[in-house]
Structure formats: C-alpha cells, structure tokens
Amino acid sequence: MTTADLVRLDQVTHVRGATTVLSDVSLSLPSARLAVLAGRSGSGKSTLLHLMAGVMPPTSGTVLVDGKPAVSHHEWDRVALLPQRPALAPELTVAENAHLPARLRGRTPPPDLLTRLGLDPLADRPTHDTSLGEQQRTAIARTLVLTPAVALLDEPTAHQDDEHVSLVLDALTSAVTEGTLVLVATHDQRIIDLADDLLPLHSGRLEVPA
Amino acid sequence: MLVRAAFGALFRAGLWSVLVVLAFVVAGTACAAPAMFAEAGRNAAFQAGRDAVPGTARQDDAALVRLTGSRSPRSAGQQRLLTELRTIPHLSEPRLDGGSAGKELSWSKPWSSTVETGAKKEQARLYAVTDPAAELVVADAGGPPGGVWLPEPLGFRPGETVTITVDKNRATATVTGLYTVVPGGRRPADLPGSQSWALRDRDLPFDSKSTSVKANLIIADVPTTERLAEQIHDQILWSAESTLDPGVTLEEARETGRGVAQLRRRVAGQSFDGGQDAVEGRLASGIGTIAEQARVASETVRQRTRPIEWAAITVALGTVLAMVLLSVRRRVVEVRHAVGSGVVPAAVGGLWLAEHLLPALLGSAAGWGVAWLLVTQAGPPGPVTATSMLPALGAAGLAALAGLVIAAVVPALAAARYVRPLPPATPRRPLPWATPVLVIALAAGAGLAGSQDQAVRNVDLLVPLLALAAAGVLAGLLLTRLTGLRRSFRAGRLRGAGWLTRRRLADNSGERRLAVAVMTAGLGMLLFALCAMTAAATTVDDRVAVQAGAEFVAVLDGGSAQLDPGAAEVPEEPTKDPVPGVRTPPLPAYATVVWRYDLYSDLDGTQRDLLVVDPVKFRELALWGSGPDLAQARAALARLEAAPEAGRILAIAAADPAAATESRLPADTGSWKGMLDVVAHVAAFPGLDAKPTYVVSESSFFPHLGSADPRLAARDPNAADGAFVRTLIWSSQGIDKLDVQPERVNTAAAVRQRDIYVAANRARGYQVAVAAYLALLAVLALCVHAQRTAATRRASDLMLIRVGLGRGRALRARLLELSLLAAVALAGAVAGVAALLPLGTRLLDDEPLRLPPLHFDLTVPALAITAAVTMAAVFLAALFTTSRSAEEASYRDDG
C-alpha cells in the first residue's frame, strides 16, 4: 500500500446466500479523486460501496480505509455513505437532516450547503413531505456536510432532473476539490464522463485492475 | 403454488405470525369462556347452597332422600322402593334405620319399654341399623353375634341374656356388645370423622317416661329388631336414607331431583303390599329445592355476565379485524401486485383465508384451552365438565370461522378497491374516527347520568369503555400538542435523545393516536374493573353486616331473664328508680344481649329503632364489614363506652337524614320518654333494619326505666308496659351452647347466599377477566405500534446511528418514546376512571337504595397493578423494537 492509498481492497470476495456478489476484487484509491463504479444492475456496485462503508465485513479479503479495516470506522467525517434509499429521519426537516452530523458534533455546517443543492426553499419542510429527488439531495448534503475523507454515494442522480443533476455534479466536484475521495456507484454517463478513475464491474469482478 | 405458499405463510412472517395467532387465541378464549364460566358458576352456586344447609337441617331441606314407612325393609313394597331408590343416579347406597314408634302410636295409653336382667332394669327402646358393629363406637364386644347392643353406662355385660318388655309382652336376646354414648347423653357416639348419629338425633325415639329425654337404645340389626319388635308388639318406623354423592354438578343434582320427584309421586300414590299402612309412607328430600335455588341464583349471575360476555366476544373479534386491517396495510404492496398480476379480489380473499387457516385453528384451540384454564383457576369454584367443554370447543370453532371470514373479506375488499380505484376528486383524507368517539362517549355518559331509571341498561355498560376510549383520544391529542409546542432545536450541539423523541411524538400520526387510544381504553378498563371489584366486595361485606348484624342473631321469645336464673323480678309497685339487683345476663365473651325498641319521635312523627347494647362486647362481635361507613360507625361506638353522664343518654344516629343536623332527639319508647343526645351521625350500622336507628349503651339507658327494665323477670308474662322491645342474642360463634330456645336464628351466612350477592361475586371474576383481556389488548397495541414503527424506521434509525447519534442514544430515544406513550395512556386511563367515579355507583350498584351506599374509588392496589401492566407493555414493546434484519438490506431500494 502506498502512502497515497486512502481506500484499499485486497482480493475481496463477498457471498450473499448462495450468490457470489463480488469475486476477488482488488483496488486502491487515493484521496481527492472522483472514482466511479460503473456496471449494470446486479453487478455488485452497491455491495462494494457497503463494504467500503463498513456496513458488513467481506466474506474473504480485506477492505482498508485509511489503513484500518472499514468495519472499524464509525465516524461520519471519515467515511460517509449515501445508500440507495436516502434513509432520512422523516420526523426531521430537510435542513435538520442535512445538518444533523454537524449538529451532533457541535460543528457549524457549511452555510451554502443547502443552497448549492437547491434545497434552500425546502429547508423547514419535513422530509416526508418532499419528493424522492429532494430527499436524495438532502441525503447528499448530509453525506458531504462534514467534508469526509471518503464519500460513498450510490446512484446519487437516480431521481434527479437535468437541472438538479448539474447541482449534484457540482457538489461532488467541489468535495473532491476539498480533498474528499468521492466514490460513486452509477450508470449515469454524465458522472462517468467526469470520473478521475473508472472502475467497471461486471458480474462481481473488476474488469480493469487497480 | 400460491395456495401451497399461503398455507405455509405462518412460518415465514416471524413475530407477526405470533400476533396473528394471539389474536385468534383471544377470540377463541372470549367465545369459549362463557359456556364454561356458566357451568362453573352453576356448580359453584349448587355447592354453596349445599354447604349452607346445616348438618342438623330437616330432611326436606337437606341434600338427601329419606323414605319412611312402617313396613319392614324386607317387605316386597319396601324392596321395590329401595330398588327404585337405587336407580336414581348420584345417590349413595341407602342406609336402613328403624326406630321404636310404639309409644308414639299408643296415643295417651301408658306405654313403657324396658330391658332387664335379674335385678337390673332400665328404660330402653329398640333401634335397628344395618350393621351395628360398624356404626357404633364399641366399648366391649365380647358377646355372641346376632344379639343386641346396649349403652355402656347401663351396666350390662356382653354375653348376658336380657329380657325386653313392653307392657306384658316379652322377648329375650343376648347382649352382643356395649357401645359408647355421647358425654352426658344417651345418643350413641359417632365414629371419628362421622356425624351419622348426630344427624339422626332428631329422629331417635324419646324415653318412654319423658318427652324431653332421648331413649336408651337397644340396637340390633334389621332381622333381630324385626323379630324382637314382633314379639313385644312394638311398632318400628323404618327409614331408608341416601345422601347425594359429594361433588355432583348442578345438572347431575337436577337429574337426581327429577328421579326423586318421580319416586315421590309413586310413594304418595301407592299402597304397599296391597294393604294400608298404619303409618303412611313418606319421602323427604331437599335435593330438588337446593338445585332449583342454585339454578335461579346462577341465572341471576348469567343475566349480569351475559352483556359482558357479548362485549368480550365483540372486542375479541374486533381484535381479529384490527389485526387483519393492519396486515392489509402492512402488505399493501403485495395486494397491489396480486391485483396487477390478474388475481381477482375473491382469489386474494381465498389466499388470505388459506394463510390464516392454520393460525385460526391453532389459535382458537389454544383459546379454548386458555378459557378452560382461566375458568378453572380464576373463575367460580365449581367444576367444569364435558357438559360445557364440548359446546365451548364448538364456540371456539365458530370464533375461528368468524375470524377466517374476516381474514378473507377484508383483503378481498382491499383488492377490489385497487381493481377499480376511484379517481380522487378531492385528496383522500383519513377517516376522522376521533371526533365520533368523543361525541358518542359524551352522549352515552350524559344519557347515563341523566337517566331516571334506577336499573342499568345493557347499553349503559358500554359507558366505561367509551369514556376511556374518549380519554385515550384526548390523551393522544394532548401528547401531540404538548410535544409540538417547541418545534425548533436549541442552538449548539444536540445532546441526549429527548429532542428526537419529542419531534417524533409531535408528528400527528393517526396510527400513534389510535395506539394511545386503545392502550388508554385497555388500561382504563383494567383499572376500572379492579376498583369495581374492590368496591363491590366491600359493599357486599358491609351490606351483609348491616342486614345480619352478627354471624348469628337469635330472636328470643320473652325477655332476657330466661338467660339469667338469678334475675331480679319486676317490683310489685312501679318505680322510676333502678331496681336493686338488676343486671345484664352473663354470657360468654362471644355473645351479648341486644334490645331493640320501637322508637317514636316528635321530630317528624316517624318510627325509628333504638338498639340498646353493651358497647364493648358489641364492638367485638358485631360484623363491621370493610368499608368506610361501618368503620366510622365502629369508631363512633367508642363514644358510648364512657361512663354515663348524669341525666344524659348519648346516642349514635344511624341512617337518619331527617335528623342530620340535630344534636338532640326527642324520643319515646312507650316505657320511657326523654331526649337522646346525638354524639355521632353515621350512614349505616350493623343490624340496621330498614329504619333509622339510634344506638345507646345499656348502662346509660336502662337506669331511666326503673321497673320497665327489660332485664327484670316479669311477674306476669302477659303484662304489657307500653313498650315493644325484642330481646336478641348477638353471637359470633352460634348459640347452641347457650341453653336457650330462640324463636328463630338469623345468620350472616344465609344473607351472604342471597342471589344478588352470589351473582355479584361470580360476575366480578368475569369482569376482571374481560378487563385483563382488554389490558392485554393494550399491551398488544403498544407492541404492534412498536413493531410497525421499528420496521418503518429501520433504515433511518440505522443511518441516524451512523451519522453520529450512536446506538445508545437511538435506543434511548426509542425507549423514551414508548415510555411516554405508555405513560400518557396510563395518565389517560387514570383520568378516565376518575371521571367515571360519579357514575360508578349507577353502573355497579344493583341495590342503590340499600345501605350503606357503594363507594367507588381509585384504590392503590389497582393503580399499582395497572402501572405494572403498563411497564410490562413498555418492556415487551422494547423487545419488538429490536430488529434482527441486516443493515445492508435496509439500505437497498428493493421496493
């Protein structure tokens, strides 16, 4: 592992039930990059993101973030995750959900975070009263609010119209500029075109070696 | 394939399957319990009635059948009757007795029966039993068998030949043995554990020379007695007695009663052996009466419990309906998919029926078992037999069937809506169930409060449930309003978990408000039933005390001087001064004399009662119930124990609202006229006889009567002194040992057997069982709410933990939420029951005009039990919070 590697996977295999979801995946990624996991539905993109987020350990192999096993990272400012389902707290407002990681740590959220993602007009609206696209952008704001070392996003533009896709892309590139390793699982060509590193997945295997 | 999958769905739904089965268990229990409860109640009423009959009761009142006649039991006629008696079910083998009746049939002619040997001659009469050696306490059995048994005190010896003589007729017999008699008497002693001779005492012949002393008995078996009786020309009155088997049920006793009635008709209409008996045959039995009284008492109970039973069944099936509705909501996506795949609504209903078939069968069968357990362990103390268990099983089956119909119809209707959805002209709004509940509860409560009808209508019994449901609605609304008062978070770091809980509770969720309403109603009904049980038990206790006064109250014919051989006599010249030597008859510590006068007052011209008592003894042996009114009366009695003040007669006024503000009452007993100084006004007093009653101490009252003192022995029993006074003996242990023949004896036990009190006892247990079930529903409501919200919030809760809330705070927020919901429901329940207190008397008191009044209050034990159930609900709901599903699965958008 080089000193620049922030995320490193070595021969990771993951089996769910009777299905091998990931097979012998190895890669390493430095900070301040936009890496894209591309592949069809069922190729293992989400699983790979979840392994890096430490949601579960791999069946075999190692997943290291900043030199430590991913499952040991519990700090949102180190590893932040945007899953397929935004998983927002429905009883909180858009602003409260987006700023929650900062409020829980007594930190001040970036003042323009909501504006950059077009959420200002919705700040005081309960999230259960917003559209899927608005919820997704709220979750993106929550992911980026602490400028994490690693930001893992699963299909961040799945429910966005063109106008809001550009807002999302701008937010992601800004995060990279601020030093975050942004790893996106998507089959949105617009994100793929912006990627510093493209990681195609096919049937659980990484087609291009790291 | 779908059908096959449907049958196995029970095993795939996890905790939800448990809830489904539980719903059917509840339905099965509610439907199966009534039949078994009714039978247990009937049998308990019968056993209580049987136990209340004293051992020395007349045969017409006792649980036995006694055939009497003058024919030998070996005669054809008697044998036919004995054979017929043996065919009546549930009766013991007849015991044959025969007693000498010659003297009684000799009218006024001199008649004497003696037994002698040599110089010794004693009065004695023949008596036959089936097996003397087995029925007597043998003192000496040295003689040859087949002879006679004589009382040991007479001084005969086994083996001696004795001569039995009636007039000039003689017979000889050998003494087989000697038997022991009761101390100081002539009756044969009973074997240990037996009362057979004591029970026969009434029927034993009297001495030839005296009608107040029982005869010495020459006891032999039936053939020997017949032979001897024939030789001495003595007439034997034969009897055959069978007792009802112990432990028989009411139905069995009624069957026996019908057989006895049939036999009675035959005995009444039959001549034995073709000839006329010198003594007519007679059948005496109290079995039919006891059974009928028990049937009436248990029917009274059923009338009280039937509305509760129907309420329980309705709520139980409502539980199943609620469970199915929740299931449909939970699986709405599945129903839509089924419709979208072309499955017709009827088929959807069929699949759901198949899915619920196994839970329904398991649940209703288990419910039948739970009902049996509840009735046998906590219900009336009578046995439950196949007579009711089989119909109960059928009822549980019907519950399963009803539940299955619900499980089929509800999803079918839901599917039908998706097949042909109505275009929403206006946004679909949830059903406003809260306002109708409030309105109906207010209307029902107002209707009950304003009703002039003393009797409680069946619909009035819904008032507590409606009131508590309304309290639950208000509690839920209050919770939402209070937690929503401060919506924004404080500035700075978010600490603890309260902010999250507050925000969650402020969310005006209809499902949460429904859960709070159901919890409040369930907990409130439990609290209401527990408080009602205490109130009813206390009231029964108190009313028995007021009606009976003491365990035994004997009414004497004549004055108390019959208890006191040394009583002073009424002086020849009337005097107002105390007569020297007058005293209250000395009685054991467990008995006291009480005098009851008719009292007239110029206050309003109405009649009252005056009780004259020894306050110290009265306080110890009167019945004081367990309620506040009689406790106050007992405390007031201490005021009468003080030494009498000159000229003043202190009195306690009981149940006299006309004199409530009076401290002095003009009074006239006929033998005395003066003023009573009222030191206490009480609502009730032991022995209150439907009239206002004043209580004075004998030491302060009798000195004013002079020669009219009722303790004096009357010179002329027919002389009247203008006073009507009854002399009573109040006792806590009976009056058998007091050597007095009362006119009658009233007992508290007899009062306790009044139908209305038996009914109150029986219905109480059922009401508590129903309320406990509603409390269980409350617990289930919180668990279901916890399970649903846990499942819905799984992903967001996990994310909250991940973004920095932490597992501990997330759990605390959850527990705090559940605890607050439960606490609000408990507070609503307490407030709801408190609001019902003024109506409680109307709902619970079957005799609202009887004293003392029923006091319906919140009791500490009831509050503690309800609080404990609430905490158990939180604990169980917290278990439902713990989800085992993988975190990764929560994040996937598979919907």
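Please read all numbers here as calculations on a predicted model, not as lab measurements.

Draft legend 1. Highlighting the pattern of salt bridges. Residues and elements named next belong to chain B. Counting across every chain of the model gives 44 salt bridges over all chains. Among the ionic pairs, Glu641 bridges to Arg619, the shortest N-O distance being 2.5 Å. Taken together, the positions of Glu641 in the loop between α18 (628–637) and β16 (650–654) and Arg619 in helix α17 (residues 615–621) put the pair 22 residues apart, joining distant regions of the chain. The class of Glu641 is partly exposed, set by a relative accessible area of 32%. In this structure, the salt-bridge partner of Arg793 is Glu817, at a minimum N-O distance of 2.8 Å. Pair noted here: Arg793 is in the loop between α21 (755–792) and α22 (794–805) and Glu817 is in helix α23 (residues 807–844), with a separation of 24 residues, a long-range link. Note on accessibility: Arg793 and Glu817 belong to one class, buried. Each of Arg66, Arg95, Asp97, Asp203 and Glu241 takes part in one network of salt bridges that share partners.

Draft legend 2. Focus on the interface of chain B and chain A. Chain B puts 27 residues into the contact, and the matching count from chain A is 30 residues. There are 2 salt bridges connecting chain B and chain A. B:Arg504 is the partner of A:Glu91 in a salt bridge, and the nearest nitrogen-oxygen pair spans 2.9 Å. Scanning the region where chain B abuts chain A turns up 5 residue pairs in polar contact (both at pLDDT 80 or more). The set of elements that each furnish at least two residues to the side of chain B that touches chain A consists of α15 (498–506), α22 and α25 (887–891) of chain B. The element best represented in the side of chain B that touches chain A is α22(B), accounting for 8 residues.

Draft legend 3. A look at the pairing of strand β2 (residues 95–100) of chain B. Residues and elements named next belong to chain B. Within β2, 5 of the 6 residues are buried, which leaves it mostly tucked inside the rest of the structure. Where β2 meets strand β11 (residues 236–243), 6 bridges bridge the pair, whose relative direction is antiparallel. Within β11, the position partnered with Leu96 by the bridge is Ala240. Bridge count between β2 and strand β5 (residues 125–129): 3 bridges; the pairing is antiparallel.

Draft legend 4. Spotlight on the sheet that holds strand β3 (residues 34–38) of chain A. With mixed pairing, 6 strands are arranged side by side in an open sheet as β6-β7-β8-β3-β9-β10 (chain A). Either end of the sheet is taken by a strand with one partner, and the two such strands are β6 (79–82) and β10 (205–206) of chain A.

Draft legend 5. The arrangement of the domain arrangement of chain B in detail. All names here are of chain B. Entries for chain B in the domain assignment read domain 1 (1–58 + 304–420), domain 2 (64–294), domain 3 (459–545 + 752–895) and domain 4 (558–741). Carbon and sulfur atoms make up 65% of the area that domain 1 and domain 2 hide from each other, which totals about 1100 Å². If you look at where domain 1 meets domain 2, you find 0 salt bridges. Linking domain 1 to domain 2 there are 3 residue pairs in polar contact (both at pLDDT 80 or more). Residue composition of the side of domain 1 that touches domain 2, grouped by class: 5 nonpolar, 6 polar and 3 charged.

Draft legend 6. Representation of the side chain of B:Thr859 within the structure. All names here are of chain B. Checked against the element boundaries, Thr859 lands in the loop between α23 and α24 (860–881). For Thr859, a relative accessible area of 16% gives the class buried. When residues no more than four places from it in sequence are discounted, the contact partners of Thr859 are Cys531 and Thr534.

Draft legend 7. Spotlight on unusual backbone geometry. Following B:Leu851, the chain continues to B:Pro852 via a peptide bond in cis, the omega torsion being -10°. Inspection of the secondary structure puts B:Pro852 in the loop between α23 and α24. Not every positive phi belongs to a glycine, and A:Ala32 is a case in point at roughly 55°. The topology assignment puts A:Ala32 in the loop between β2 (19–30) and β3. Of note, the phi angle at B:His233 is positive, near 60°, even though the residue is not glycine. With respect to the helices and strands, the residue B:His233 is situated in the loop between α7 (222–232) and β11. Residue class for B:His233 comes out exposed when judged on its relative accessible area of 58%.

Draft legend 8. Spatial organisation of the sheet that holds β2(A). All names here are of chain A. With antiparallel pairing, 4 strands are arranged side by side in an open sheet as β2-β1-β4-β5. What marks the edges here is a single partner per strand, and that holds for β2 and β5 (68–69). Note: strand β1 (residues 5–16) against β2, 8 bridges, orientation antiparallel. Within β2, the position partnered with Val12 by the bridge is Val25.

Draft legend 9. Layout of the environment of A:Pro101. Tracing the chain through its elements places A:Pro101 in helix α2 (residues 94–105). Owing to a relative accessible area of 0%, A:Pro101 belongs among the buried residues under this scheme. Residues A:Pro101 and A:Glu163 lie 62 residues apart in sequence; the distance between their C-alpha atoms is 27 Å. Once residues within four sequence positions are removed from consideration, A:Pro101 is found in contact with A:Trp76, A:Arg142, A:Val145, A:Leu146 and B:Val803.

Draft legend 10. Broad picture of the nonpolar core. In terms of nonpolar packing, the biggest core is built from 96 residues, with B:Val320, B:Val324, B:Met519, B:Leu782 and B:Phe856 touching the most fellow members. Take this core: its biggest share by element is 16 residues, from α21(B). No fewer than three residues from each of domain 1 (1–58 + 304–420) and domain 3 (459–545 + 752–895) of chain B sit in this core. With 87 residues, the next largest nonpolar core counts A:Met52, A:Ala89, A:Val145 and A:Ala175 among its residues.

Draft legend 11. Inspection of the pairing of strand β3 (residues 113–117) of chain B at higher detail. Residues and elements named next belong to chain B. Burial of β3 is extensive: 5 of the 5 residues sit out of reach of the surface. Residues Ser113, Val115 and Thr117 of β3 are buried on one face, and the alternating residues Thr114 and Glu116, pointing to the opposite face, are buried as well. Pairing of β3 with strand β8 (residues 161–166) involves 4 bridges; the strand directions are antiparallel. The residue of β8 that forms the bridge with Val115 is Ile164. The pairing of β3 with strand β4 (residues 120–123) spans 4 bridges and is classified as antiparallel. Bridged to Val115 within β4 is Glu122. What sits between β3 and β4 in their antiparallel hairpin is a turn of 2 residues, with Gly118 showing a positive phi close to 60°.

Draft legend 12. Structural context of the packing of helix α14 (residues 463–483) of chain B against α15(B). Residue and element names in this part refer to chain B. Here α14 crosses α15 at 130°, and the two axes come no closer than 7 Å. When the interaxial angle is binned, α14 and α15 end up oblique. Crossing handedness for the pair α14 and α15: left-handed. Taken together, the residues of α15 that come into contact with α14 (itself represented by Leu479, Thr480 and Thr483) are Arg502, Leu505 and Ala506. Grouping the amino acids of the contact of α14 with α15 by side-chain chemistry returns 3 nonpolar, 2 polar and 1 charged.

Each value, and the rule that gives it
- Residues numbered from 1 in each chain as written.
- Chains lettered and ligands numbered in written order.
- Predicted model: local features only at pLDDT ≥ 70, side-chain atom pairs only at ≥ 80, totals over all residues.
- Heavy atoms only, no water.
- Salt bridge = Lys/Arg side-chain N within 4 Å of Asp/Glu carboxyl O.
- Helix = DSSP H or I, 4+ residues; strand = E, 2+ residues; numbered from the N terminus.
- Buried < 20%, exposed > 50% of the residue type's maximum accessible area, 1.4 Å probe, protein only.
- Contact = heavy atoms within 4.5 Å.
- Polar contact = N/O pair within 3.5 Å; in protein donor to acceptor, adjacent residues only side chain to side chain.
- Pairing = 2+ DSSP bridges.
- Domains from an automatic or database assignment.
- Buried area = accessible area lost by both parts, 1.4 Å probe.
- Nonpolar A, V, L, I, M, F, W, Y, C, P; charged D, E, K, R; others polar.
- Core = buried A, V, L, I, M, F, W, Y, C linked by side-chain atoms within 4.5 Å.
- Axes fitted to C-alpha atoms, helices over the stretch in contact; angles between N-to-C directions.
- Parallel < 35°, antiparallel > 145°, perpendicular 65-115°, else oblique.
- Left-handed = near helix turned anticlockwise from the far one by under 90°.

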